[in-house]
Structure formats: C-alpha cells, structure tokens
Amino acid sequence: MEDTFQNRSRPLTDNLTPEPPSPPKWAEGTPPVLPITTLLDLFNWYRLNLCGKGIVDPRDRRVTFLDTDFVHLIKLTDKNGKEPKNRRMTIEQIQSGRITLNPSRIQIRRGQELSWARPIIEAPTMIVPNWQAMGRAIPGDAYIKNFGTEAQPIYRVLICGHAGKKRWAVTIFPRERFADREITTKLWP
C-alpha cells in the first residue's frame, strides 16, 4: 500500500495522535499541584506559604524565598519572551492588576508545582553542589527530590545560592536523569 494517495493526502492513520502516556505514579505524600486562577492569587499563595517562612533542610540550614524570585520561579516573560529585568516593578504591577495571567507568558507547570518547594527542601532525595556554570547560585546547592517511584522517577531540582549558612531559592525545574558528574559529590545524605 502506498504512503500517499493520488491527491497527495496522507492516510487517516498518519493523522491520528498516539495514545497519551499513562499518568505518572506519584510518590506517597506528593503535594497536590496548585490551581492557577489568577496571577495575583498565585503570587499571594507564594508570599503566604514560601516567603519569610523558616524552611529548614535536613542539614539544619534555612532556605529563604524572596518575593521578587517569584518572577523567575514561574518563568514569567514579557511580550518578547524575555524575563523582566526589574523584578520589583513586575511584582508591583502584578499586585496592581496591570500584569495579569497570560498562560503563554508563564510556565504553567512551574507555577502549579510551587507547592512542591517545601518538600524538596525539607525531605530531599539528595543534596549536591550546584552544577550549573552560571546564574545567581554560584556557589550553590541543588536539592533533588524524586516525586515518582524507583522504577519511574519524577525528579524536581531546586537550586539555591548560598553565602555561609544563608541560602536563597533561585529556581525549580524538572529533570529526567542526571549525569554521574552532577551527583557524584553528595552534600546530603
């Protein structure tokens, strides 16, 4: 049978999307993702639950979240696809209602998974030195947590910068696997 018909259209089977993958198996105790109704509601949740809270890692080191880090944590971008340079002004515009929720300008999954930040810090699978060469977390630590199973891991990484015992959250992102060089040196356990 030919791949195309005389009028150059493709067979119907080529137009069907494959079955979606089965949903992941989440680890026991994985927090629910946040519902995102408005950008202001998401920011208010962030301030209430993460900013100024005493979130302590297993090494007894406190990790802080600044309200201005919200912009980077959800990957908020402007109309040109760039992160705003003045985060303080951006936060003020979110609070005033000038900047509202536009799903194409934030990474929805990162916003929904802000509720995972606390368990990543308080009960990580491991803590390793930050392997990223650039950014605000040099020197820094990478907190890695598996929210999946051993057979189907679902990793999230929270990168913190530090100066002495002071630590501040910089970014959170998903990761499928790690190179040996990234996790060879373990800071914890």
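Up top you'll find the structure we're talking about.
Computed from a prediction, not measured in an experiment: that's the story for all the values here.

Caption draft 1: Inspection of the packing of helix α2 (residues 39-49) against helix α4 (residues 87-96) at higher detail. In contact at an axis separation of 9 Å, α2 and α4 are set at 120 degrees when each is read in the N-to-C sense. Judged by the inter-axis angle, α2 sits oblique to α4. Here α2 and α4 pass one another in a crossing that is left-handed. In this structure, α2 uses Leu39, Leu40, Phe43 and Arg47 to contact α4, whose residues at the interface are Ile91, Ile94 and Gln95.

Caption draft 2: Summary view of the sheet that holds strand β1 (residues 55-56). Reading across the sheet, the 6 strands line up as β1-β2-β6-β5-β4-β3 and stay open at both edges, with mixed pairing between neighbours. Each edge of the open sheet carries a strand with a single partner, namely β1 and β3 (126-129). Of the pairings in the sheet, the one linking β1 to strand β2 (residues 62-64) comprises 2 bridges and is antiparallel in character. Each residue of the ladder has a partner; that of valine 56, found in β2, is arginine 62.

Caption draft 3: Region of interest: the pattern of salt bridges. As enumerated under the stated definition, the model contains 11 salt bridges in all. With a shortest N-O distance of 3.4 Å, arginine 87 and glutamate 83 are connected by a salt bridge. Taking relative accessible area as the criterion, glutamate 83 reaches 24% and is therefore assigned partly exposed. Of the charged contacts in the structure, one is a salt bridge between glutamate 182 and arginine 175, with a shortest N-O distance of 2.9 Å. The buried category is assigned to glutamate 182, whose relative accessible area is 7%. Look at the salt bridges and you will find they share partners, linking Asp57, Arg59, Asp141 and Arg167 into a network.

Caption draft 4: Structural detail: the nonpolar core. Core analysis: the biggest nonpolar cluster contains 31 residues, and Tyr46, Phe65, Phe70, Ile74, Leu114, Tyr143 and Leu158 have the highest contact counts within it. Ranked by the residues each element gives to this core, the list is headed by α2, at 4 residues. Each residue touching phenylalanine 70, except ones within four places of it in the same chain, is listed here: Leu39, Leu42, Phe43, Tyr46, Ile91, Ile94 and Leu114. Val128, Ala142, Val157 and Phe173 belong to the second largest nonpolar core, which has 10 residues in total.

About the criteria used
Residues numbered from 1 in each chain as written. Predicted model: local features only at pLDDT ≥ 70, side-chain atom pairs only at ≥ 80, totals over all residues. Heavy atoms only, no water. Axes fitted to C-alpha atoms, helices over the stretch in contact; angles between N-to-C directions. Helix = DSSP H or I, 4+ residues; strand = E, 2+ residues; numbered from the N terminus. Parallel < 35°, antiparallel > 145°, perpendicular 65-115°, else oblique. Left-handed = near helix turned anticlockwise from the far one by under 90°. Contact = heavy atoms within 4.5 Å. Pairing = 2+ DSSP bridges. Salt bridge = Lys/Arg side-chain N within 4 Å of Asp/Glu carboxyl O. Buried < 20%, exposed > 50% of the residue type's maximum accessible area, 1.4 Å probe, protein only. Core = buried A, V, L, I, M, F, W, Y, C linked by side-chain atoms within 4.5 Å.

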